[in-house]
Structure formats: C-alpha cells, structure tokens
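Structure assessment
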Amino acid sequence: MPDASFPTSRPRRLRRTAALRELVRETRLEASDLVYPMFIDDRGPRRQPIPSMPGIDRLSVEAAIEEAGAAFEEGIRAVLLFGLPASKDARGSRADRPDGVIQRSLRALRGALPDLVLITDVCLCEYTDHGHCGILDGDRVANDPTLERLAAQAVSHGAAGADIVAPSDMMDGRVGAIRASLDEAHLEDVAILSYAVKYASAFYGPFRDAADSAPAFGDRRGYQMDVRNADEAIREVRFDIAEGADLVMVKPALPNLDILRRVKDEFRMPTAAYQVSGEYAMIEAAGANGWLDADAASLEAVRAIRRAGADLIVTYAARRLARVLCLR
Ligand code: PBG
C-alpha cells in the first residue's frame with residue numbers, strides 16, 4: 001500500500017514540538033548505554049592531562065577510583081580500563097602480574113564501587129617495549145605464541161575482579177584461547193567483549209599518545225583489518241562468536257556505521273561500538289575553536305552510532321554526554 005503523499009502527508013506535523021519529537025523517537029540513549037574508558041598509569045602523578053584528548057587524564061589508581069565514582073554518580077555504569085605499566089619489555093611481562101596496575105585497579109574499584117561493571121582491555125601493546133600488540137618473531141607479530149600471553153592477561157584480570165575482558169589485539173583465535181583459559185581457571189562467569197571488527201585506523205593517534213603504545217617500527221596493518229573490506233568483517237564476527245564471544249564490537253564507530261548495521265542485523269548479538277580517540281579529538285578540537293558545539297556534536301554522533309545498531313557505546317565523551325542527557 002503506497003503511503004499518502006503531500007499534502008495529505010506532512011511529516012513536519014510530528015516534529016512540531018519537543019514533546020511530539022520525544023514521543024515518536026525511534027532510538028533511545030541513556031547514560032547506562034555508555035562505557036567510559038580510563039587510562040591508569042603506574043608511573044605518573046595522580047592526574048596527567050593528555051594533550052590530544054582534552055578532558056581526559058592519565059590517572060593514578062586512587063584518582064581512577066575518584067573518577068569512576070564521579071562517572072557512576074552521573075549514571076555511567078561501566079568503565080573500560082587501560083593500563084600503563086611501571087616498565088615495559090619485549091614480552092609485556094607486566095600484563096599478567098597479580099600486582100600489575102590493572103589488577104590492583106580492579107580490586108580497588110570492585111571494593112569502592114561494587115555495582116560498576118569493570119571491563120578491561122586485553123592487549124600487549126601498552127606493555128611491550130616495541131609497542132606491538134603481541135610477541136615478535138623478527139619484525140612480525142607471531143600469532144600463536146601471543147595467544148598464550150593474552151590468555152594469561154585475561155585470566156589475571158578475571159581473577160582480580162573484571163566482569164568482562166575485551167581483547168583488542170586482533171590475533172586469530174584469541175577469543176577461543178581466552179575462553180578456554182578462563183574456564184580452566186574457574187572464571188566461567190567472566191564475559192568476553194571481542195573487538196571483533198577492528199580496522200587499522202589513523203583515528204587511534206591520540207590513544208597511542210595516551211597509552212604510550214605507538215609501534216616503535218612499522219604499523220598494525222599486519223593484524224588489524226583493512227578499511228576497504230566489509231564481508232571480511234562479517235567473517236571476523238562469525239569466528240569470534242563461534243569461539244565464545246559474548247559481545248562483539250566494531251571500531252572505529254563513525255567511519256564504519258555500515259559495518260555496525262550489518263553486524264547487528266546478521267548476528268543479533270549484544271553489539272558495541274567504540275567511538276575512538278581520534279573521533280573524540282576531532283569534536284573536542286573543533287569545539288575548543290568555537291567551530292562547532294561539542295555537546296551537540298557528541299550527542300549527534302553517539303545517537304547515530306546507536307541508531308546504526310550499537311547496544312552499548314564506548315566513548316571518551318561518556319561523562320560529557322551523561323551531563324547533557326540529564327539536562328534534556
Ligand atoms: C590496543 C588498543 C588501541 C585502541 C584500543 N585498544 C590502539 C591500537 O590498536 O593502536 C584504540 C582506542 C582509541 O583510539 O581510542 N590495541
């Protein structure tokens with residue numbers, strides 16, 4: 001049956017007032033849909049601003065509890081933790097130590113904020129002196145030897161209280177290796193959020209400043225996905241679900257909304273999107289210059305990400321958005 005057309009049909013009738021628009025909105029966004037990433041630094045002062053990510057600091061463990069508490073007050077229910085270790089080496093030895101920065105943070109956060117969902121990034125790039133996401137064999141990241149290290153890191157996070165571990169390394173088979181090791185350690189309740197579709201991206205630039213994880217040589221194109229590929233993204237997600245992923249993620253978010261929609265439609269899994277550091281920095285920089293309204297632009301971007309199929313959104317703007325959402 002064809003829709004009535006103008007002048008019978010006037011879509012503007014339902015756009016006339018805020019209350020009408022609210023009534024017919026198709027997408028809802030709440031602070032509890034957002035995941036707030038935090039950088040916890042074992043070396044630095046309590047708080048150290050990250051120049052390319054205005055409003056985001058590297059935090060000490062104590063400052064992280066304070067920051068997570070403030071975010072919780074504003075309605076945010078989940079954090080994603082990245083660790084900057086006291087020192088780095090070729091194998092990323094500090095990634096799986098029980099007294100590592102993330103493991104200590106997990107115990108402290110669990111004690112201080114029992115209802116906060118604790119998610120940890122599982123990857124070696126913050127812990128290796130070469131900055132690559134795994135163990136090197138010459139100048140190549142060796143897939144299979146890396147799996148063991150990632151599984152050990154995930155188990156140590158689970159043992160320290162992580163609700164969800166989130167592997168971001170893009171090694172083949174890591175979800176299965178992590179699931180098997182968690183189960184063997186009787187951590188069967190720890191969930192896996194797989195960075196299933198992670199493109200090699202220029203938009204990670206500010207993150208690498210923040211996490212001090214830029215590769216010392218080469219780039220990550222040998223393991224992260226090529227932005228020209230879409231069918232491959234579907235295969236990546238299928239493999240990760242088969243290996244035991246509980247949630248799947250697409251990243252970066254805004255340049256890949258088509259992929260997000262395909263992943264949601266194809267698998268109907270809990271689906272996350274990561275609005276990455278460069279996406280955040282663009283909006284913040286333009287906002288600081290008075291070139292756009294950063295509150296409005298963040299809200300629009302994150303709503304579009306939600307509309308494209310994300311159930312949850314990882315964003316550095318989580319606190320900004322929580323405040324904006326509660327003023328509306
Ligand atoms: C670690 C990791 C990265 C990001 C999340 N986990 C960086 C990378 O792959 O280089 C990027 C997040 C962001 O840019 O906000 N592998």
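Up top is the structure.
What this report covers is the structure whose coordinates are included nearby.

Calculation rules
- Residues numbered from 1 in each chain as written.
- Predicted model: local features only at pLDDT ≥ 70, side-chain atom pairs only at ≥ 80, totals over all residues.
- Heavy atoms only, no water.
- Near = heavy atom within 4 Å.
- Polar contact = N/O pair within 3.5 Å; in protein donor to acceptor, adjacent residues only side chain to side chain.
- Areas by Shrake-Rupley, 256 points an atom, 1.4 Å probe, with all protein chains shown as cover.
- 1 Å grid on protein atoms, 1.4 Å probe; cavity = no way out; pocket = protein on both sides within 12 Å on 5 of 7 lines; lining within 4 Å.
- Sits in = over half its atoms within 2 Å of the grid points.
- Points joined across faces, edges and corners; volume = space filled by probe spheres on them.
- Nonpolar A, V, L, I, M, F, W, Y, C, P; charged D, E, K, R; others polar.
- Helix = DSSP H or I, 4+ residues; strand = E, 2+ residues; numbered from the N terminus.
- Patch = residues over 30% accessible without salt bridge, like charges linked within 9 Å, V, L, I, M, F, W, Y side chains within 5 Å.
- Salt bridge = Lys/Arg side-chain N within 4 Å of Asp/Glu carboxyl O.
- Expected span 1.5 Å × (residues − 1).
- Buried < 20%, exposed > 50% of the residue type's maximum accessible area, 1.4 Å probe, protein only.
- Contact = heavy atoms within 4.5 Å.
- Pairing = 2+ DSSP bridges.
- Right-handed = clockwise from strand over helix to strand, strands pointing away.
- Phe/Tyr/Trp six-rings, centres within 6.5 Å; stacked < 30°, edge-to-face > 60°.
- Lys NZ or Arg CZ within 6 Å of the ring centre and 35° of its normal.

Attention now goes to the site of the ligand. Taken together, 18 residues form the shell around the ligand, and within it Lys 198, Arg 208, Lys 251, Ser 277 and Tyr 316 come nearest. Ser 277 is positioned with one of its side-chain polar atoms (N or O) 2.7 Å from an oxygen atom of the ligand. Residue Tyr 316 places a side-chain N or O atom 2.6 Å away from an oxygen atom belonging to the ligand. Relative to its unbound accessible surface of 400 Å², the ligand loses 100% to contact with the protein. If you map the ligand onto the pockets, it falls in the largest cavity.

Turning next to empty space enclosed by the protein. If you walk through the whole model with that rule in mind, you get two cavities of 30 Å³ or more. Computed from the structure, the largest cavity encloses a volume of approximately 160 Å³. Taken together, 19 residues line the largest cavity, and the ones lying closest to its centre are Lys 198, Tyr 204, Phe 207, Arg 208 and Lys 251. Of the residues belonging to the lining of the largest cavity, the class tally is nine nonpolar, four polar and six charged. Here the second largest cavity is characterised by a volume of approximately 40 Å³. Along its surface, the second largest cavity is lined by Tyr 36, Pro 37, Met 38, Arg 47, Ile 56, Asp 57, Leu 59 and Glu 67. Looking at the lining of the second largest cavity, the elements that each hand over two or more residues are strand S1 (34–41) and strand S3 (57–59).

Looking now at a nonpolar patch on the surface. Taken together, the side chains of Leu 14, Leu 23 and Val 24 make up a nonpolar region of the molecular surface, amounting to roughly 300 Å² of accessible area. For Leu 23, the position within the fold is in helix H1 (residues 18–23).

Between its first and last C-alpha atoms helix H10 (residues 294–307) spans 20 Å; for 14 residues at 1.5 Å apiece the expected length is 20 Å, and the two agree. Among the residues of H10, those classed as buried are Ala 294, Ala 297, Ser 298, Leu 299, Ala 301, Val 302, Ala 304 and Ile 305. The secondary structure elements touched by the buried residues of H10 are S1, helix H8 (257–267), strand S11 (271–275), helix H9 (277–288), strand S12 (312–315) and helix H11 (318–327). One side-chain oxygen at the N-terminal end of H10 lies 3.0 Å from the backbone nitrogen of Asp 295; it belongs to Asp 293.

Moving on to the pattern of salt bridges. Close approach of charged atoms allows side chains of opposite charge to pair. For the structure shown, the criterion picks out 30 salt bridges. Arg 47 is the partner of Glu 66 in a salt bridge, and the nearest nitrogen-oxygen pair spans 3.6 Å. Of the two residues, Glu 66 is situated in helix H2 (residues 61–73) and Arg 47 in strand S2 (residues 47–49); the sequence distance between them amounts to 19 residues. Between Arg 47 and Glu 67 there is a salt bridge, with its nearest N and O atoms 2.8 Å apart. Pair noted here: Arg 47 is in strand S2 and Glu 67 is in helix H2, with a separation of 20 residues, a long-range link. Given a relative accessible area of 8%, Glu 67 falls into the buried group. Shared partners join several salt bridges into a network, and the residues in it are Arg 46, Arg 47, Asp 57, Glu 66, Glu 67, Glu 74, Arg 319 and Arg 323.

Time to look at the pairing of strand S4 (residues 78–84). Where burial is concerned, most of S4 is hidden: seven out of the seven residues are buried. Burial along S4 is two-sided: Ala 78, Leu 80, Phe 82 and Leu 84 facing one way and Val 79, Leu 81 and Gly 83 facing the other are all buried. Alignment of S4 against strand S5 (residues 117–122), held across four bridges, turns out to be parallel. Looking across to S5, one finds that Leu 81 is bridged to Thr 120. With respect to chirality, the unit in which S4 leads through helix H3 (residues 101–112) into the neighbouring parallel S5 is right-handed.

Further remarks concern the pairing of S5. Here S5 lies mainly inside the structure; five of its six residues are buried. Pairing analysis gives four bridges linking S5 to strand S8 (residues 164–167), with the strands arranged parallel. Bridge pairing in S8 places Ile 119 opposite Ile 164.

A few words now on the packing of aromatic side chains. Per the counting criterion, the structure on display carries seven aromatic pairs. Centre to centre, the rings of Phe 82 and Phe 207 are 5.0 Å apart; their planes meet at 75°, and the pair counts as edge-to-face. Taken together, the positions of Phe 82 in strand S4 and Phe 207 in helix H6 (residues 205–211) put the pair 125 residues apart, joining distant regions of the chain. An aromatic cluster is present here, built from Phe 39, Phe 82, Tyr 195, Phe 207, Tyr 274, Tyr 280 and Tyr 316 joined pairwise through their rings. Across from the ring centre of Tyr 204, 5.5 Å away, lies the NZ or CZ of Lys 198, which sits over that ring. Over the face of the ring belonging to Tyr 274 we find Lys 251, whose NZ or CZ atom lies 4.7 Å from the ring centre.

Residue position: Asp 3 is located in the segment before H1. Residue classification places Asp 3 among the exposed positions, given a relative accessible area of 73%. As for Asp 3 and Ala 177, which are separated by 174 residues in sequence, their C-alpha atoms are 52 Å apart.

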